[in-house]
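An overview of the molecular structure
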Amino acid sequence: MSEIVDLNEYSEYAEGGRAGFYADPYPVYEKLRARGPVHHVRTPGPGPAEELWLIVGHEAARAAFTDPRLAKSPPWDMTDDLIGPHLLFADPPEHGRLRSLVNREFTPGRVAALAPRIQKITDELLDDMVPRGSADLIASLAFPLPLVVICELLGVPDIDRDRFRRMSTQVVAPTSDEEAYAAHVEIAGFLDALIEDKRCAAPADDLLSALIRTTAEDGDRLSPAELRGMAFLLLVAGHETTVNLIGNGVRALLRHPDQLAALRADMSLIDGAVEEMLRYDGPVETSTHRFAAEPVEIGGTVIPEGDPVLIAIGDADRDPERFPDPDRFDIRRAPRGHLAFGHGIHYCLGAPLARLEGRVALRSLLDRCPDLALDGTPDTWLPGLLMRGVRTLRVRW
């Protein structure tokens, strides 16, 4: 067994200790990458630390995403799982079956048709925010926009935003095992009631109703537990990642005035700007867990069978072997090949929707706030290795 790297102790490379690691983990990853592609690490808190294997570097990360020896299904019985089966915990052939059933309804056409509604929601949020002269961008735009969009897409009725933010944050960035469990129980109960209501209601045109009705050519359809799992995945993952894309992206622009000026001068650069935001400080720092289905050798290091593995997406997208001068934020860069949405069969189902929301939010914000700037309040980052995003982002204009 190799030496365990305690990321709390290794935070000498991230000024400010553990909080500094969350604010800027890239120097830590850079030091790890220089030592090799695979490291046995102890994760930082809050909550109980976890020992797992971390894969760094673009080439190793890209290969790990498609390595069949790194399974998504946990090596333990999940019959008591609160949420139910979904794509992030499934391997072939079950993954292909689930994805094909979702793909029948979550089509590019359905996503593209949302553009006018996304613009209207964004305009309404900015109508409320702009007269104030300053605001927390997360609470005022980055959080409510994708929440309203995904709720309308799924057909979720009006939801208490504060309650949902608390639940979803405790799922993706828990501060304790107890709070994470309680959040899963609460969300599972909410989704069960929602699905039952839709089963009993008249047919509707929302995505969740369509998933309840959809049937493959061979008669296959999603089970009640699978419906709950899919609704959870679309609602929570489809929301949290977009919050971070908008928040991290605007923060990067405002910290690089030359790039902000270039985008304001030429809005045709917006597609590339969103891709560079995804690469430079993307919404997901690591993949969700994988597990070694057998002893797996990578770069001379053997990961024992059954051990959990994370792929450091944030580091892969800062690897100088793939992206020259990777710590430079450049909206004219051609960042093709970034791994912000993963790679392989688990490539993010909601990537087109996240990109669309990011473009609309960014363009509208810059149009409405010509003097947009950070207000100087220190950022507080979400804990944990999975999601990368700020809890608050104070801006003024």
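The structure reproduced in this document is the subject of the present report. (Residues numbered from 1 in each chain as written. Predicted model: local features only at pLDDT ≥ 70, side-chain atom pairs only at ≥ 80, totals over all residues. Heavy atoms only, no water.)

1. A short note on the overall build of the protein
Helices and strands together make up the secondary structure of the protein, namely 16 helices and 13 strands. Each of the three principal axes of the protein carries a C-alpha extent, and together these read 55 × 55 × 35 Å. With 397 residues in all, the protein has 56% of them scored as buried. Considering only contacts within the protein whose residues lie at least 6 apart along the sequence, 70% involve residues at least 24 apart. Carbon and sulfur atoms form 52% of the exposed surface of the protein, whose accessible area is close to 16,700 Å². One way to put it: in the protein the 43 positive side-chain charges average out to a point 5 Å from where the 63 negative ones average out. (Helix = DSSP H or I, 4+ residues; strand = E, 2+ residues; numbered from the N terminus. Buried < 20%, exposed > 50% of the residue type's maximum accessible area, 1.4 Å probe, protein only. Contact = heavy atoms within 4.5 Å. Areas by Shrake-Rupley, 256 points an atom, 1.4 Å probe, with all protein chains shown as cover. Lys, Arg positive; Asp, Glu negative; His and termini not counted. Charge placed at Lys NZ, Arg CZ, Asp CG, Glu CD.)

2. Regarding the pattern of salt bridges
Here the structure, examined in full by the defined rule, presents 24 salt bridges. Residue Asp281 pairs with Arg388 through a salt bridge whose shortest N-O separation is 2.4 Å. Of this pair, Asp281 sits in the loop between helix H14 (270–280) and strand E6 (290–292) while Arg388 is found in the loop between strand E11 (380–381) and strand E12 (390–392), placing the two residues 107 residues apart along the sequence. Pair check on accessibility: Asp281 and Arg388 agree, each one buried. Salt bridges here are not isolated pairs; linked through shared partners, they connect Asp6, Arg42 and Glu51. (Salt bridge = Lys/Arg side-chain N within 4 Å of Asp/Glu carboxyl O.)

3. Here's the deal with the environment of Leu52
With respect to the helices, strands and loops of the structure, Leu52 is situated in strand E3 (residues 51–55). You can call Leu52 buried: its relative accessible area is 0%. Along the chain, Leu52 and Glu105 lie 53 residues apart, while their C-alpha atoms are 36 Å from each other. Apart from the residues lying within four places of it in its own chain, the contact partners of Leu52 are His39, His40, Val41, Thr43, His289, Pro308 and Leu310.

4. Examining the side chain of Asn248
As for its position among the elements, Asn248 is in helix H12 (residues 224–254). Owing to a relative accessible area of 2%, Asn248 belongs among the buried residues under this scheme. In this view, Asn248 contacts Asp281, Gly282, Pro283, Trp381, Arg388, Gly389 and Val390; residues no more than four positions away in its chain are not counted.

5. Observations regarding helix H10 (residues 177–200)
A rise of 1.5 Å per residue sets the reference length of H10, with its 24 residues, at 34 Å; its end C-alpha atoms lie 35 Å apart and thus fit the reference within 8%. Of the residues making up H10, those classed as buried are Ala180, Ala183, Ile187, Ala188, Phe190, Leu191, Leu194, Ile195 and Lys198. In this fold, the buried residues of H10 make contact with helix H8 (144–154), helix H9 (161–172), helix H11 (207–213) and H12. (Expected span 1.5 Å × (residues − 1).)

6. Quick notes on the sheet that holds strand E10 (residues 373–374)
Strand order in the open sheet made by the three strands is E5-E13-E10, with antiparallel pairing throughout. Strands with a single pairing partner mark the edges of an open sheet, and in this sheet they are strand E5 (134–136) and E10. Direction of pairing for E5 relative to strand E13 (residues 394–396): antiparallel, over a ladder of three bridges. Residue pairing for E13: Asp136 is matched across the bridge by Arg394. (Pairing = 2+ DSSP bridges.)

7. As for the packing of aromatic side chains
Considering all chains together, one arrives at four aromatic pairs under this definition. Judged by centre distance (6.2 Å) and plane angle (65°), the rings of Phe341 and Tyr347 are edge-to-face. Grouped by ring-pair contacts, the aromatic residues Phe21, Tyr22 and Tyr29 constitute a single cluster. A cation sits over an aromatic face here: Arg318 above Tyr26, 3.8 Å from the ring centre. We note Arg388 situated over the ring of Trp381; from NZ or CZ to the ring centre the distance is 3.9 Å. (Phe/Tyr/Trp six-rings, centres within 6.5 Å; stacked < 30°, edge-to-face > 60°. Lys NZ or Arg CZ within 6 Å of the ring centre and 35° of its normal.)

8. Overview of unusual backbone geometry
Residue Pro93 is reached from Pro92 by a cis peptide bond, and omega for that bond is 0°. Among the secondary structure elements, Pro93 is positioned in the loop between strand E4 (70–71) and helix H4 (94–103). At Asp325, a position not held by glycine, the phi torsion is positive, near 50°. Exposure remark for Asp325: the relative accessible area of 45% places this residue in the partly exposed category.

9. Some remarks on helix H13 (residues 257–265)
Taken as a whole, H13 has its buried residues at Gln259, Leu260, Ala262 and Leu263. On an axial view of H13, the arc spanned by its buried residues comes to 160°, and they lie on one face. Those residues of H13 that are exposed and angled more than 90 degrees off the buried face are Pro257, Asp258 and Ala265. Next to the buried residues of H13 lie H12, H14 and helix H16 (351–368). (Arc of directions from axis to C-beta.)

10. Here's the deal with the pairing of strand E9 (residues 308–311)
Along E9, one buried face is formed by Pro308 and Leu310 and the opposite face, lined by Val309 and Ile311, is buried too. Here E3 runs beside E9; their pairing, made up of three bridges, is parallel. In the sheet register, Ile55 faces E9, and the bridge partner there is Ile311. Alignment of E6 against E9, held across two bridges, turns out to be antiparallel. Pairing of Arg290 across the sheet is with Val309, part of E9.

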